[in-house]
Amino acid sequence: SGGCRVSLKPLQAAESQDAETTNRALSLAAQVDDRGFFHLTAVPPGSYVLSATLAGFAPAKFFPVRVFENRESLVQEALVLRSPLTLEVRVHPPSDLERRPWQVEVFDLGDTPGAMEKAGQGKVGEDGTWHLAGLSPGRFIVKVSDGSGSPWGFKEEDFSGGSAQVDFDIDPVEIRGTLRLGGEPIAGTLYFGGKVGVPSFRFTSDAKGHFEGFIAKEKTWRVDVEAPDALVR
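Note that the structure is a prediction, hence the values are computed from the model and not measured.

### A look at the layout of surface pockets
Then, number 1: Put simply, the second largest pocket is a space of about 770 Å³.
Then, number 2: Lining the second largest pocket we find 31 residues, and of these Phe38, His39, Leu50, Ser73 and Val75 sit closest to its centre.
Then, number 3: For the lining of the second largest pocket, the elements supplying multiple residues, two or more each, are β1 (5-10), β3 (46-53) and β4 (60-67).

Below, the structure is given as structure tokens:
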């Protein structure tokens, strides 16, 4: 074991700072013996996440661990510590429409709903690649945005195996159109992908209803329209 420790934390998303403080107060920890065994006492009834940590390895987790009053709970499955993963993100082409490097954000979806945390961010290099080291196996969201921060690509991946690689092949499509209401052109805002979608592309039509720009790829897009002057939403 050589310095390996285990910790037990409540299996619930921290909905507030007070909840996070309560989680830390309830957390229990123990040292692993030379045979790889451990024992935790005085654990309140509930559901927990069991984590094992050792320097140089990615944390191993097991959940849910269910603890019942006046009963002993056994974890039958061994926690296996593995080397941390290095994520490689490859984006083609390596720059956006304004010749700026793409921006990458990685989010760890965590153990419970609502527990998503940002794991890292950066810009791709001239070869279109970006790396993030030290990841634990798990589920992640990888998002690619242009130099202005507008998202162009979005993937949810499970990095439970030995490799962690995500490829984005971005092929911008130019579009032009006219926004009309009852046959008459109107000025407004169009969101290809939906106003709160990911990705979402925003266009503004002029007084003649004309708009143009680029979207990520050819497919069927949901379009939300807002035109306050025409009472359209």
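### Considerations on the packing of aromatic side chains
Then, number 1: Within this structure, the stated rule accounts for 7 aromatic pairs.
Then, number 2: When the ring of Phe140 is compared with that of Phe159, the centres are 5.5 Å apart and the planes differ by 25 degrees; the resulting orientation is stacked. In this pair, Phe140 sits in strand β9 (residues 138-145) while Phe159 sits in strand β10 (residues 151-159), placing the two residues 19 residues apart along the sequence.
Then, number 3: One Lys or Arg, Lys155, reaches over the ring of Phe168 and ends 5.0 Å from the middle of that ring.
Then, number 4: Positioned above the aromatic ring of Trp221, the side-chain terminus of Lys219 is 4.6 Å from the ring centre.

### Quick notes on the sheet that holds strand β5 (residues 85-92)
Then, number 1: Within the open sheet, the 3 strands sit side by side as β8-β5-β11. Their pairing is mixed. For this open sheet the edge positions go to β8 (129-135) and β11 (165-169), each flanked by a neighbour on one side alone. If you compare each strand with its neighbour and ignore which way they point, the axes differ by 15 degrees on average.
Then, number 2: Strand direction decides the pairing type here: β5 and β11, joined by 5 bridges, are parallel. From the neighbouring strand, Val91 faces β11, where its bridge partner is Phe168.

### Some remarks on the sheet that holds strand β16 (residues 201-205)
Then, number 1: A sheet is described by the order of its strands in space; here 3 strands give the open sequence β16-β15-β18, paired in antiparallel fashion. Where the open sheet ends on each side, the last strands, each with one partner, are β16 and β18 (223-226). The average undirected angle you get between the axes of adjacent strands in this sheet is 20 degrees.
Then, number 2: Across 5 bridges, the pairing between strand β15 (residues 188-192) and β16 is antiparallel. The residue of β16 that forms the bridge with Thr189 is Thr204.

### Thoughts on the nonpolar core
Then, number 1: Formed by 33 residues in total, the largest nonpolar core has its most connected members in Leu87 and Phe192.
Then, number 2: Membership of the second largest hydrophobic core comes to 13 residues, among which are Val6, Val43, Val65 and Val67.

Cut-offs used in this document
- Residues numbered from 1 in each chain as written.
- Predicted model: local features only at pLDDT ≥ 70, side-chain atom pairs only at ≥ 80, totals over all residues.
- Heavy atoms only, no water.
- 1 Å grid on protein atoms, 1.4 Å probe; cavity = no way out; pocket = protein on both sides within 12 Å on 5 of 7 lines; lining within 4 Å.
- Points joined across faces, edges and corners; volume = space filled by probe spheres on them.
- Helix = DSSP H or I, 4+ residues; strand = E, 2+ residues; numbered from the N terminus.
- Phe/Tyr/Trp six-rings, centres within 6.5 Å; stacked < 30°, edge-to-face > 60°.
- Lys NZ or Arg CZ within 6 Å of the ring centre and 35° of its normal.
- Pairing = 2+ DSSP bridges.
- Axes fitted to C-alpha atoms, helices over the stretch in contact; angles between N-to-C directions.
- Core = buried A, V, L, I, M, F, W, Y, C linked by side-chain atoms within 4.5 Å.
- Buried < 20%, exposed > 50% of the residue type's maximum accessible area, 1.4 Å probe, protein only.

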